[in-house]
Amino acid sequence: MKATTLHLALIGDYNPDVIAHQAIPVALQRAAETLGVQVHLQWLDTDTLTPTTELHGFDGFWCVPASPYRDSDGALRAIRFAREQRRPFLGTCGGFQHAVLEYARNVLGWADAEHGELAPDAERAVITPLSCALVDATDSLRLTPYTRIAEAYGRVEIEEGYRCRYGINPEFADALLEREMIPSGHDAAGDLRAVELLDHPFFVATLFQPERAALKGITPPLAIALLKACQEQCA
């Protein structure tokens, strides 16, 4: 496969003080070198993502940590585009939360679905505070065999780091996961920490932050998998 330039959109409000925002460009550059491709990154601030924003020029999308975003609806628009247009997508931490929220609203038809950080009193808050906040924590995870995330790591037992306070509301988990969205990773306590979509080239979301490993000189397997999916789409 010939070398090419992949155009990646980073959905989120860039902040140089956020470790994940420091790490993601490093992770993607390392992944690009591994695959022998070039990667061009563009940050998409959420308050610039209007209904008329042109997104077709991007080969893939990464919805990044550090929510609440300035414009949650802007982030949801870009995630919906990636899902409906079948563009490779990775969401980590806040990206996981908003991928689940977008799916709840636009696939399941739950127009009243909310993020508990923004609407804590909502009847259908599909994202709520974790029983134990995962801030600067590391935990072991078991991946569901034969999923895209397990394929990316090449094994089902992994260890990853978090910086997150919100996750899927257990009250709605069964309904959220009975169709195209499937559970693909659980922590040592059995709590859901990763999901992905069936019938999509690559749509993976994790509550953990695999990008942080790049600052320790490790190329995150999910960064490679994201770019590989983009590369296959462009072939």
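The model shown is predicted, which means the values in this text are computed figures rather than measured ones. Sequence order as written defines residue numbering, which begins from 1 separately in each chain. Selection of residues for local features in this predicted model requires a pLDDT of at least 70, selection of side-chain atom pairs for listing and counting requires 80 or more, and totals for whole chains, interfaces and linings are taken over all residues. Calculation of side-chain values draws on the structure's entire complement of heavy atoms; hydrogens and water are dropped beforehand.

Undergrad: Explain the overall build of the protein to me, please; I cannot follow it from the model alone.
TA: A tally of regular secondary structure across the protein gives 6 helices and 10 strands. Taking 2.2 N^0.38 as the reference for a compact globule, 235 residues should give roughly 18 Å; the C-alpha atoms of the protein span a radius of gyration of 16 Å, in line with that estimate. With the C-alpha coordinates aligned to their principal axes, the bounding extent of the protein is approximately 50 × 40 × 35 Å. When a residue's accessible area, from a 1.4 Å probe over protein chains only, is under 20% of the maximum for its type it is buried; when over 50% it is exposed; and in between it is partly exposed. For the protein, buried positions account for 53% of its 235 residues. Intrachain contacts of the protein at a sequence separation of at least 6 include 71% that bridge at least 24 residues. Working note: accessible area of the protein is about 10400 Å², and carbon and sulfur atoms make up 46% of it. When the 20 basic and 32 acidic side-chain charges of the protein are each reduced to a single mean position, those positions are 5 Å apart. Secondary structure elements are taken from DSSP: a helix is a run of H or I of four residues or more, a strand is a run of E of two residues or more, and numbering for both begins at the N terminus. For the radius of gyration, the atom set is restricted to C-alpha positions; the globular benchmark scales as 2.2 Å times the number of residues to the power 0.38. Two residues qualify as a contact provided that any one of their heavy atoms is within 4.5 Å of a heavy atom in the partner residue. Only the protein chains shown count as cover for residues, with accessible areas throughout obtained via the Shrake-Rupley method and a probe of 1.4 Å. His is not counted, nor are the chain ends, whereas Lys and Arg count as positive and Asp and Glu as negative. Note on charges: their place is set at NZ of Lys, CZ of Arg, CG of Asp or CD of Glu.

Undergrad: Is there a simple way to explain the packing of aromatic side chains in this structure?
TA: Two rings from Phe, Tyr or Trp (for Trp, the six-membered ring) form a pair when their centres sit within 6.5 Å of each other. Planes less than 30 degrees apart are called stacked, planes more than 60 degrees apart edge-to-face, and all others tilted. In total, this model carries 5 aromatic pairs according to the counting rule given. Judged by centre distance (4.4 Å) and plane angle (25°), the rings of F89 and F203 are stacked. Taken together, the residues F89 in strand β4 (residues 89-92) and F203 in strand β10 (residues 203-206) connect sequence positions 114 residues apart. Look at F89 and you get buried, because its relative accessible area is 0%. Through a chain of ring-to-ring contacts, the aromatic side chains of F58, F61 and F81 assemble into a single cluster.

Undergrad: Quick question: what am I supposed to make of helix α2 (residues 72-84) here?
TA: An α-helical turn contains 3.6 residues, so a residue and the one three or four places further along point in the same direction. Here the expected span of a helix is defined as 1.5 Å times the quantity of residues minus one. Relative to the 18 Å expected for 13 residues at 1.5 Å per residue, α2 spans 18 Å between its end C-alpha atoms, a close match to the ideal helical length. Among the residues of α2, those classed as buried are S72, G74, A75, L76, A78, I79, F81, A82 and R83. If you follow the buried residues of α2, they end up packed against β1 (5-11), β3 (60-63), β4, α3 (94-106), β9 (192-197) and β10. Definition of a polar contact: a pair of N or O atoms within 3.5 Å, with one able to donate and the other able to accept a hydrogen when the atoms are protein atoms, and with sequence-neighbouring residues admitted only if both atoms are side-chain atoms. Put simply, D71 is the residue that caps the front of α2, since its side-chain oxygen is 3.0 Å from the backbone nitrogen of D73. Positive phi appears at R86, one or two residues downstream of α2, with a value of about 60°.

Undergrad: It is not clear to me how the UniProt feature "domain: Glutamine amidotransferase" (unreviewed entry) in the protein should be interpreted in this structure. Could you clarify?
TA: UniProt positions are given in the numbering used here, feature names are shortened, and annotations may be inferred rather than shown by experiment. With numbering aligned to this structure, UniProt lists the feature "domain: Glutamine amidotransferase" (unreviewed entry) at residues 27-111. Along residues 27-111, the helical share is 41% and the strand share 18%, with 35 Å between the first and last C-alpha atoms.

Undergrad: Which parts of the structure should I look at to understand the pattern of salt bridges?
TA: Any two side chains of opposite charge can pair, given that their charged atoms come close. Definition used for salt bridges: Asp or Glu carboxyl oxygen within 4 Å of a side-chain nitrogen of Lys or Arg. Overall, the coordinates contain 14 salt bridges when judged by the stated rule. The salt bridge involving D47 is made with R70; its shortest N-O contact spans 2.9 Å. Pair noted here: D47 is in the loop between β2 (38-44) and β3 and R70 is in the loop between β3 and α2, with a separation of 23 residues, a long-range link. Here D47 falls in the partly exposed class, since its relative accessible area comes to 41%.

Undergrad: Is there a simple way to explain unusual backbone geometry in this structure?
TA: When glycine is set aside, most residues are seen to have a negative phi, and most peptide bonds are trans. P68 follows S67 through a cis peptide bond whose omega is 10°. For P68, the position within the fold is in the loop between β3 and α2. Residues other than glycine seldom take positive phi values, yet C93 does so here, at roughly 55°. Structurally, C93 can be placed in the loop between β4 and α3. For C93, a relative accessible area of 5% translates into the label buried. With a phi close to 55°, D199 is a non-glycine residue in the positive phi region. Here D199 shows up in the loop between β9 and β10.

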